Amino acid sequence: MSTILEIADLKALAKRRVPKLFFDYADSGSYTESTYRANESDFSKIKLRQRVLVDMSGRSLETTMIGEKVSMPVALAPTGLTGMQHADGEMLAAQAAEEFGVPFTLSTMSICSIEDVASATKKPFWFQLYVMRDRDFVMNLIDRAKAAKCSALVLTADLQILGQRHKDLRNGLSAPPRLTPKHLYQMATRPRWCWNMLQTSRRTFRNIHGHAKGVTDLASLNAWTSEQFDPQLSWKDVEWIRERWGGKLIIKGILDAEDAKLAAQTGADAIVVSNHGGRQLDGAHSSISMLPRIVDAVGDKIEIHLDSGIRSGQDVLKAMALGAKGTFIGRPFLYGLGAMGKPGVTKALEIIRKEMDTTMALCGKRRIEEIDHRILAENPY
């Protein structure tokens with residue numbers, strides 16, 4: 001643990017411990033992966049101002065996201081197949097987030113169900129909703145999230161159709177994995193992962209299996225999933241979703257100022273500037289490069305969060321300096337989970353917190369609320 005100093009160390013360890021098809025799922029983008037790479041590299045273009053001889057004592061990263069107190073402005077993003085990075089992964093990540101004082105967001109396409117995560121946690125978590133063609137299933141999902149006392153619904157708006165991810169197709173991705181010679185070899189070379197997975201019965205999409213009509217086995221689950229994302233989803237659907245939910249609503253997947261304006265008119269509590277981690281429209285702008293335009297368009301009308309590309313505490317501060325109220329991290333906590341389970345998620349959060357705290361001090365600030373464009377030496381966006 002002492003040699004793990006940055007998120008890249010967790011990534012390297014996860015690559016050694018997680019079967020290739022599941023590591024690649026977490027660590028890939030669509031088509032040429034140009035947007036996936038830009039999400040990370042564009043943060044490096046933003047330069048910080050070093051300040052000296054200022055009082056750096058009494059620092060605090062505590063703030064709020066959609067009115068909820070958080071220990072730092074970071075939420076764990078909704079990520080599919082999290083329970084295939086490590087057995088019971090969603091439950092373990094939710095516990096780590098709860099203990100750390102940051103929100104955990106459960107994906108519709110999770111391995112552990114809403115009820116599984118609720119049974120493993122003491123405080124409300126957030127639930128991310130994909131809108132399917134089967135509206136009865138969608139309404140049931142919303143009702144299950146309400147019954148679990150989730151404190152926010154995160155509506156994903158940028159996955160009406162699925163961007164092609166070459167690695168997943170080449171790997172023959174499925175959950176649970178098909179027992180082909182290739183997959184058996186991958187699992188045999190990851191004995192720690194196999195041993196943990198043998199200890200749990202959670203190996204498929206438990207939010208779907210047993211809840212969707214006609215889904216009784218792996219074949220029917222795969223067929224149902226492939227045809228269920230709704231290409232007709234539109235802004236008018238937000239109203240009935242918000243009414244059915246009745247609580248705090250976040251719209252995730254906004255990458256254009258015009259869409260941000262439309263989102264602000266829905267009555268949602270926040271938007272997440274995101275390109276789905278570079279997994280949808282390859283060739284789109286990075287999330288961080290679009291953040292200032294969206295802040296200029298709607299920053300006084302709705303709370304703005306940023307997702308996609310964050311790999312350090314410095315990245316979080318740069319997003320805050322450009323106007324974000326909070327951030328989401330996906331791959332950093334997945335790397336930690338794949339590397340070491342729950343302690344790895346905690347380690348990822350500790351790395352980001354320490355980097356944020358040190359960088360904030362060296363920029364001459366003591367409280368996260370003081371972070372704005374004045375900590376930037378250069379802003380290329």
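Residues numbered from 1 in each chain as written. Predicted model: local features only at pLDDT ≥ 70, side-chain atom pairs only at ≥ 80, totals over all residues. Heavy atoms only, no water.

Under an unreviewed UniProt entry, the protein has the name Alpha-hydroxy-acid oxidizing protein and belongs to Ciceribacter sichuanensis. The UniProt entry for the protein carries the following comment under Sequence similarities (unreviewed entry): "Belongs to the FMN-dependent alpha-hydroxy acid dehydrogenase family." The heading Cofactor (unreviewed entry) in the UniProt record of the protein holds the text "FMN". (UniProt positions renumbered as here; feature names shortened; annotations may be inferred.)

The next thing to look at is the sheet that holds strand E9 (residues 270–273). Picture the strands of a sheet paired through backbone hydrogen bonds; they go either parallel or antiparallel. One open sheet holds the 8 strands; their spatial order is E4-E11-E10-E9-E8-E7-E6-E5, and the pairing between them is parallel. Single-partner strands in this sheet number two, and they are strand E4 (74–76) and strand E5 (105–106). Bridge count for strand E7 (residues 152–156) against strand E8 (residues 248–254) is 5 bridges, and the pairing is parallel. Residue pairing in the sheet places Thr 156 in a bridge with Lys 252 of E8. (Pairing = 2+ DSSP bridges. Helix = DSSP H or I, 4+ residues; strand = E, 2+ residues; numbered from the N terminus.)

The subject of this paragraph is the packing of aromatic side chains. All told, the structure shown has 5 aromatic pairs when counted by the stated rule. Each ring, one from Phe 22 and one from Trp 193, has its centre 5.9 Å from the other, and the planes form 25 degrees; the classification is stacked. Here Phe 22, found in helix H2 (residues 20–26), pairs with Trp 193, found in helix H9 (residues 191–198); they are 171 residues apart in sequence, far enough to count as distant. Each member of the pair, Phe 22 as well as Trp 193, carries the same accessibility label: buried. (Phe/Tyr/Trp six-rings, centres within 6.5 Å; stacked < 30°, edge-to-face > 60°. Buried < 20%, exposed > 50% of the residue type's maximum accessible area, 1.4 Å probe, protein only.)

The next subject is the nonpolar core. With 112 residues, the main nonpolar core has Leu 129, Ile 271 and Leu 291 as its most contacted residues. Those residues in contact with Leu 291, other than ones at most four positions away along the chain, are Val 273, Ile 304, Leu 306, Ala 319, Leu 322 and Ala 324. Of all hydrophobic cores here, the second largest spans 12 residues; its members include Met 65, Ile 250, Ala 270 and Val 272. (Core = buried A, V, L, I, M, F, W, Y, C linked by side-chain atoms within 4.5 Å. Contact = heavy atoms within 4.5 Å.)

A word on the side chain of Arg 331. Turning to its location among the elements, Arg 331 is positioned in helix H15 (residues 331–340). Asp 27 provides the closest opposite charge to the buried, salt-bridge-free Arg 331, at an N-O distance of 4.6 Å. In terms of polar contacts, Arg 331 uses its side chain to reach the backbone carbonyl oxygen of Ser 28, at 2.7 Å. Those residues in contact with Arg 331 that sit more than four places away from it in its chain are Ala 26, Asp 27, Ser 28, Tyr 36, Gly 277, Arg 279 and Arg 311. (Lys, Arg positive; Asp, Glu negative; His and termini not counted. Salt bridge = Lys/Arg side-chain N within 4 Å of Asp/Glu carboxyl O. Polar contact = N/O pair within 3.5 Å; in protein donor to acceptor, adjacent residues only side chain to side chain.)

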